[in-house]
Amino acid sequence: MLARRIIPCLDVRDGRVVKGTHFVHLRDAGDPVECAVRYDAEGADELVFLDITASSDRRNIVTRMVRDVADNIYIPFTVGGGLRSLEDIQAILRAGADKVSLNTAAVETPSLVDEAARYFGSQCIVVAIDARRVQPFSPDDPRWEVTTHGGRRLTRLEAVGWAREVFERGAGEILLTSMDCDGTQQGYDNLLNRMVAESVSIPVIASGGCGTLEHLADAFLVGKASAALAASIFHYGRHTIKEAKGFLRDRGIPVRL
Amino acid sequence: MTPSRSVVIIDYGMGNLRSIEKAIAAVGGNAMISSDPGVVRGAERLILPGVGAFGDAMDNLRRNGLEEAVKEAAGKGTPLLGLCLGLQLLFCDSEEFGSHRGLGIVPGKVRRFDKPGLHVPHVGWNQVESRWPDPLLSGIPEGSYFYFVHSYFVEPRDDADAIAWTDYGGRFCSVARRGSAWGVQFHPEKSQEMGKRLLYNFLRT
């Protein structure tokens, strides 16, 4: 049976791992290769690196990191952040990443999703959607707006419709982050996860808000996600991946142990 | 003298060759990446990797003179392992983006997952159940997880060519074998210890 996936996420800047709370306050939490090797050994199913390097030498810094990571782990990994063209994508895939994640560039140039999927295959094109609840928020008529630039810009795009559009354009997976929940450790936005999961037939990776093992279970049972992304819960050693998977298995969720 | 355990990874411009090369080295093999038909013809063992579209892959193989080289090598019994799209290329026809002719080393066709409600691509870790013992799967427990990412699957014409199944909205053939040609639908180079074990086994075929 296909296992639900647990995916630690590493935010990286200038080749170092950092983790943001609401993407603003950053804390240094180590070397990307060391973190990746540790997660591989612990039984992570995949890894995601979100790069926020702002340097003009960004591509070199990132490709060097991707190469170092690829040389040391035996699980798939995705790299996202600042990729704007087919050339950017190719550089990351050539360096050894298995997938790339497109966010702002997909919103600004939706045809990039079609081109990337056609050229590299849907299986390596993840579209990241950062969604924020439209206020006043009503569970009877819930609406989310897509944001870009780490949540700082609103786009007027409605998130569930945008998810459907990128699916039709050839995205292979959707990495769905709730900007309301991200950094709160109060749980995923499972209404958002479920609404997106039910409107596309590609996997949805739930992201933003995981603080407990119960939250992981809810992403699958309530949010209908195929995978759950988490950062803080694993980074600071509160739980190991193994503990998380044991917990999920005991709740009848298929995991790879 | 110890056997050299060498393998040529066929480079036709598609696929994550670096990861495969690294995984082969990790299990004591000596991998060489080549796009030279002469090197392919003379190889001790071959790995046919592949990520992307079937038609593009066949075009690239043909353009580089590799189609005939791979067929010749397979014809004389050189152990060959197709990975993911590389498995699908061993077959005769694919219905991906129109109809395409494959290498025809294993009779059968390539079809798209089309069950309503099923996520396509099939992405993630899924279990492999062997139908009978095969040296490629030696030491790999039943139900072991491997990493898959694909939208199409193979359907061997001869049932005996399907040596392992995986369940995704029904059973599909995740490991095929015909003579000295094997193919796996998953990515052993991304499947941790079980993936390495499979590559280790291939080096001993």
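Note that the coordinates shown come from a computational prediction; the quantities given were computed from them, not determined experimentally.

Helix and strand counts for chain A stand at 10 helices and 12 strands. Taken against the 2.2 N^0.38 rule, which gives 18 Å for 257 residues, the C-alpha radius of gyration of chain A at 17 Å falls within 12% of a compact globule. Roughly 10300 Å² of accessible area belongs to chain A as shown, and the carbon and sulfur atoms make up 47% of that amount. Taking the average place of the 31 positive charges on the side chains of chain A and the average place of its 35 negative ones, the gap between the two points comes to 1 Å.

Turning our attention to the packing of aromatic side chains. Geometry of an aromatic ring pair is reported as the spacing of the ring centres plus the angle between the planes. Applying the stated criterion across every chain, the model contains 12 aromatic pairs over all chains. Ring centres of Tyr119 of chain A and Phe120 of chain A lie 4.9 Å apart, and the angle between their planes is 85 degrees; on these two criteria the pair is classed as edge-to-face. On the basis of relative accessible area, Tyr119 of chain A is assigned to the exposed category, the value being 54%. For Phe120 of chain A, a relative accessible area of 11% gives the class buried. Judged by centre distance (5.7 Å) and plane angle (70 degrees), the ring pair of Trp125 of chain B and Tyr147 of chain B falls under edge-to-face. Pair noted here: Trp125 of chain B is in strand 8 (residues 122–130) and Tyr147 of chain B is in strand 9 (residues 144–150), with a separation of 22 residues, a long-range link. Given a relative accessible area of 1%, Trp125 of chain B falls into the buried group.

All right, on to empty space enclosed by the protein then. Residue and element names in this part refer to chain A. Applying the stated rule across the entire model yields 1 cavity of 30 Å³ or more. Roughly 40 Å³ of volume is contained in the largest cavity. Along its surface, the largest cavity is lined by Ile7, Glu46, Val48, Thr78, Val126, Leu175 and Ile205.

Time to look at helix 6 (residues 159–169) of chain A. Think of an α-helix as turning once every 3.6 residues; residues three or four places apart then point the same way. Residues and elements named next belong to chain A. Among the residues of helix 6, Ala159, Val160, Trp162, Ala163, Val166 and Phe167 are the ones counted as buried. The arc that holds the buried residues of helix 6, viewed along the axis, is 160 degrees, so those residues lie on one side. Phi for Gly170, located one or two positions after helix 6, is positive at around 115 degrees.

Moving on, we get to the environment of Glu108 of chain A. All names here are of chain A. With respect to the helices, strands and loops of the structure, Glu108 is situated in helix 4 (residues 104–108). Of the residues examined, Glu108 reaches a relative accessible area of 48% and is grouped as partly exposed. Each C-alpha atom, one on Glu108 and one on Tyr39, is 34 Å from the other, the two residues being 69 residues apart in sequence. When neighbours within four sequence positions are excluded, Glu108 is seen to be in contact with Arg84 and His149. In terms of polar contacts, Glu108 uses its side chain to reach the side chain of Arg84, at 2.3 Å.

Calculation notes
In this numbering scheme, every chain counts its residues from 1 along its sequence in written order. Chain letters start at A and ligand numbers start at 1, both assigned in the order the entries are written. Where totals are concerned, whole chains, interfaces and linings use all residues; where local detail is concerned, this predicted model gives features only for residues with pLDDT of at least 70, and gives and counts side-chain atom pairs only at 80 or more. Values shown for side chains rest on all heavy atoms present in the structure; no hydrogens or waters enter the calculation. Counting from the N terminus, the helices are DSSP H or I runs at least four residues long and the strands are E runs at least two residues long. Radius of gyration: over C-alpha atoms. The globule rule applied is 2.2 Å multiplied by the number of residues raised to the 0.38 power. The method behind every accessible area is Shrake-Rupley, applied with a 1.4 Å probe, and residues are considered shielded solely by the protein chains displayed. Only four residue types enter the tally: Lys and Arg on the positive side, Asp and Glu on the negative side, with His and both chain ends excluded. A charged residue contributes its charge at one atom only: NZ of Lys, CZ of Arg, CG of Asp or CD of Glu. Aromatic rings from Phe, Tyr and Trp, taking only the six-membered ring of Trp, are treated as a pair when their centres fall within 6.5 Å; an angle between ring planes under 30 degrees marks them as stacked, one over 60 as edge-to-face, and anything in between as tilted. Burial classes follow relative accessibility: with a 1.4 Å probe on protein chains only, a residue under 20% of its type's maximum area counts as buried, one over 50% as exposed, and anything between as partly exposed. Each cavity reported here is a set of points on a 1 Å grid over the protein atoms alone in which a 1.4 Å probe fits but cannot get out, each pocket an open set with protein on both sides within 12 Å along at least five of seven lines, and each lining residue one with an atom within 4 Å of a point. Grid points are joined across faces, edges and corners, and a volume is the space filled by probe spheres set on the points. The arc in question is the one spanned by the directions pointing from the helix axis to the C-beta atoms. In what follows, a contact means two residues having at least one pair of non-hydrogen atoms within 4.5 Å. In protein, a polar contact means a hydrogen-donor-capable atom and an acceptor-capable atom, both N or O and within 3.5 Å, with residues adjacent in sequence counting only if both atoms are side-chain atoms; elsewhere, any N or O pair within 3.5 Å suffices.

Treat this as a map of the structure, not an account of what it does.
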